[in-house]
Amino acid sequence: MSVTHDARVQVHRPASTVGRPAARAWPDINNPAAWIVAAILLIMPLIANSFFLIEIFATTLILGTVALSLMFLAGYGGMVSLMQLTIAGFCAYMVAVFGVSGNANISLGWPWWLAVPMALTLAVVFGTLGGALAVRTEGIYTIMITLAIGAAFYYFTNQNWAIFNGHTGINNVSTPRFWGVDWRADIPFYYVVLATAGLCYFAVHYISRAPFGLALQGVRDNPRRMSALGFNVNAHRVAAYAVASFIAGLAGVLQVWNYRQISPGSVSVGACIDILIIAVVGGITRPVGPYIGALVFVLLRTFALDFLVKIGLDGNRFRLLIGLGFLAIVFWSSDGVIGLWQRWRQSRLRETSRQGGGRGHG
C-alpha cells in the first residue's frame, strides 16, 4: 500500500496526545504580527550592520532550519532525532569534498551547481538509512540510536584524514558566484538564507496538511490502528526522515557557505544536543518554534559571555545561562516560548471576557 494511502481517514486521537500539533492550514495571512515580522526580515539589511545581519539573523535562520527538521520529525511524527545536525554536517562536508576548497588533495573541484545537488542527495540517503534504523525503536531508544549515529560520525570525521581531513577539517570552501554577484557577500547571502528558510517553513506547513502529513500524524497518535487500516507505519516514518534530511541538508549547505569551512567541531555531540534545545525552547508543535528558539539560543551564545564578564563571573560559563533558560522555559511551559505566549493570550482573553461579562450584568 502506498505511503499516502487514503489519508482522508479520520484517526481519533487519545487523550494522551492532547497538545500535539494537528494538521494546520496555511499561516494566517490576516495576522498583522506575521506581516510585521516578514517586513522586518525583508528590510533587515537596511537596519542592521554586517555583524547582526550574518552572525545573528542569518545564523538564527540556519540553525532554525536544522531545528525545523527535528520539529517535523518530533512534532508530526513523534520521533525525536538527535542526528539532524549530523546530517547537516555530512551535507556540508560533501559540499566541501565535491566542490572547490583550499584542500586541493581532497576536494574534487566540481562547480557548486553540481556539488550541491550531489551533497543533498547523499545527505538524504545518509539520513534515510539512519532513519530506517531508528524507526525500529521507540521513545528513549530512538533518541539514543540517533545520538549514537551523531557521535560515531563525529569521531569518524575527527580521525579520518583521507576524506574529512581529520580534526583540521576542510577550509577555504568556495562559495557561488554567478550573474556577476558574489552570493556570499553579506546582503546577497542573507537573502539566500532567508529564502531557503522561508521555503522550508512553508513546505513543512504544506506537508502537515497534505495526505502524507495527515497520515504521519495518525501514525504518531495511534500506529497500531493506522497499521490495521492498511498504512505502512515504518514506510511513513522512513519517508519522514527523508524529508527531514533534505531540510537539514539545505541548512548544511548554507552552514558551510557561511563559515567557508567545516570541521568535526561543527558536528560534535554537544552541537547535536543544542539543536534539540533550540527546538524545545522555541516550541516543538509549530514550524515557527525552531526559529524562535534559534534566536534565543544565538543571542545567549553571542552576548552571554560578555554579560558574565561584566558582572565579574567567568565568561566560559555562558552555557550555564543557556541551561538555566532552557530549564526555566521547560518548567513553565511544555511547548516552549510559543506555549508561554499562548498561555498569556488565553489569560488576557479570559480577563477580557470576565470584564465584558461584568459590564453586561451591570
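Thresholds, definitions, all that
Residues numbered from 1 in each chain as written. Predicted model: local features only at pLDDT ≥ 70, side-chain atom pairs only at ≥ 80, totals over all residues. Heavy atoms only, no water. Helix = DSSP H or I, 4+ residues; strand = E, 2+ residues; numbered from the N terminus. Buried < 20%, exposed > 50% of the residue type's maximum accessible area, 1.4 Å probe, protein only. Contact = heavy atoms within 4.5 Å. Areas by Shrake-Rupley, 256 points an atom, 1.4 Å probe, with all protein chains shown as cover. Core = buried A, V, L, I, M, F, W, Y, C linked by side-chain atoms within 4.5 Å. Salt bridge = Lys/Arg side-chain N within 4 Å of Asp/Glu carboxyl O. Axes fitted to C-alpha atoms, helices over the stretch in contact; angles between N-to-C directions. Parallel < 35°, antiparallel > 145°, perpendicular 65-115°, else oblique. Nonpolar A, V, L, I, M, F, W, Y, C, P; charged D, E, K, R; others polar. Polar contact = N/O pair within 3.5 Å; in protein donor to acceptor, adjacent residues only side chain to side chain. Phe/Tyr/Trp six-rings, centres within 6.5 Å; stacked < 30°, edge-to-face > 60°. Left-handed = near helix turned anticlockwise from the far one by under 90°.

*Asks:* Is there a simple way to think about the overall build of the protein chain in this case?
*Replies:* Counting its regular elements, the protein chain contains 14 helices and two strands. Counting only residues that meet the buried cut, the protein chain has 44% of its 362 residues in that class. Looking at the protein chain alone, contacts between residues at least 24 apart form 75% of all its contacts between residues at least 6 apart. For the protein chain, the computed accessible surface area is about 18000 Å², with 65% contributed by carbon and sulfur atoms.

*Asks:* It is not clear to me how the nonpolar core should be interpreted in this structure. Could you clarify?
*Replies:* Nonpolar side chains in soluble globular proteins tend to end up buried together. Ranked by size, the top nonpolar core spans 82 residues in total, and within it Phe 72, Met 94, Ile 170, Trp 257 and Ile 275 carry the most contacts. The element contributing the most residues to this core is helix 3 (residues 50-77), with 16 residues. When neighbours within four sequence positions are excluded, Phe 72 is seen to be in contact with Gly 77, Val 204, Ile 207, Phe 212, Leu 216, Ala 240, Val 243 and Ala 244. Ala 215, Met 226, Phe 231 and Val 233 belong to the second-largest nonpolar core, a separate cluster that totals five residues.

*Asks:* Any chance you could explain the environment of Phe 326 here in plain terms?
*Replies:* Along the chain, Phe 326 turns up in helix 13 (residues 318-332). Counting along the chain gives 44 residues from Phe 326 to Gly 282, while the straight-line C-alpha distance between them is 9.8 Å. Leaving out residues up to four positions away in the same chain, Phe 326 has contacts with Ile 277, Val 280 and Val 281.

*Asks:* Where do I start with helix 8 (residues 211-221) in this structure?
*Replies:* At 3.6 residues per turn, the α-helix brings residues three or four places apart onto the same side. Within helix 8, nine of the 11 residues are buried, which leaves it mostly tucked inside the rest of the structure. Those residues of helix 8 that sit buried are Phe 212, Gly 213, Ala 215, Leu 216, Gln 217, Gly 218, Val 219, Arg 220 and Asp 221. On its buried face, helix 8 is in contact with helix 3, helix 7 (186-209), helix 9 (223-228) and helix 10 (233-259).

*Asks:* Sorry if this is basic, but what is going on with the pattern of salt bridges here?
*Replies:* Note on pairing: side chains with opposite charge can pair once their charged atoms come close. Evaluated as defined, the whole model comprises three salt bridges. With a closest N to O distance of 2.7 Å, Arg 220 and Asp 221 form a salt bridge. Residues Arg 220 and Asp 221 agree in their burial class; the two are buried.

*Asks:* Just checking my understanding: could you explain the side chain of Thr 175 for this structure?
*Replies:* You can see Thr 175 is positioned in the loop between helix 6 (140-159) and strand 1 (177-178). Taking the relative accessible area as the measure of exposure, Thr 175 reaches 13% and is therefore buried. Beyond its immediate stretch of four places on either side in the chain, Thr 175 contacts Asp 182, Arg 184, Trp 257 and Arg 260.

*Asks:* Looking at this model, I keep getting lost on the packing of helix 3 against helix 11 (residues 269-282). Mind explaining?
*Replies:* What describes two packed helices is the angle between their axes and the distance between those same axes. Contact geometry for helix 3 and helix 11: axes closest at 9 Å, N-to-C directions at 80°. If you check the angle between helix 3 and helix 11, you find them roughly perpendicular. In contact with Leu 63, Val 66, Ala 67 and Leu 70 of helix 3, helix 11 contributes Ile 275, Leu 276, Ile 278 and Ala 279. Its residues assigned to classes, the contact of helix 3 with helix 11 shows eight nonpolar, no polar and no charged.

*Asks:* Honestly, the side chain of Thr 59 in this entry has me stumped. Any pointers?
*Replies:* Topologically, Thr 59 is positioned in helix 3. Classification of Thr 59 by relative accessible area gives buried; the value is 4%. Of note is the side chain of Thr 59, whose polar atom sits 3.2 Å from the backbone oxygen of Glu 55. When residues no more than four places from it in sequence are discounted, the contact partners of Thr 59 are Ile 54, Asn 258, Tyr 259, Val 298 and Arg 301.

*Asks:* In this structure, what is going on with the packing of aromatic side chains? I would like to understand it.
*Replies:* Under the definition given, this model contains 18 aromatic pairs. For the ring pair Phe 51 and Phe 52, a centre distance of 5.5 Å and an interplane angle of 90° mean the geometry is edge-to-face. When the ring of Phe 156 is compared with that of Phe 164, the centres are 5.6 Å apart and the planes differ by 75°; the resulting orientation is edge-to-face. The class for Phe 164 is buried, based on a relative accessible area of 4%. Clustering of aromatic rings is evident, with ring pairs tying together Phe 90, Tyr 93, Phe 126, Phe 153, Phe 156 and Phe 164.

*Asks:* Looking at this structure, how should I read the packing of helix 5 (residues 112-134) against helix 6?
*Replies:* In contact at an axis separation of 9 Å, helix 5 and helix 6 are set at 145° when each is read in the N-to-C sense. The handedness of the crossing between helix 5 and helix 6 comes out as right-handed. Listed contacts from helix 6 to Phe 126, Gly 130, Leu 133 and Ala 134 of helix 5 are Thr 142, Ile 145, Thr 146 and Ile 149. In terms of residue class, the contact of helix 5 with helix 6 is made up of five nonpolar, three polar and no charged.

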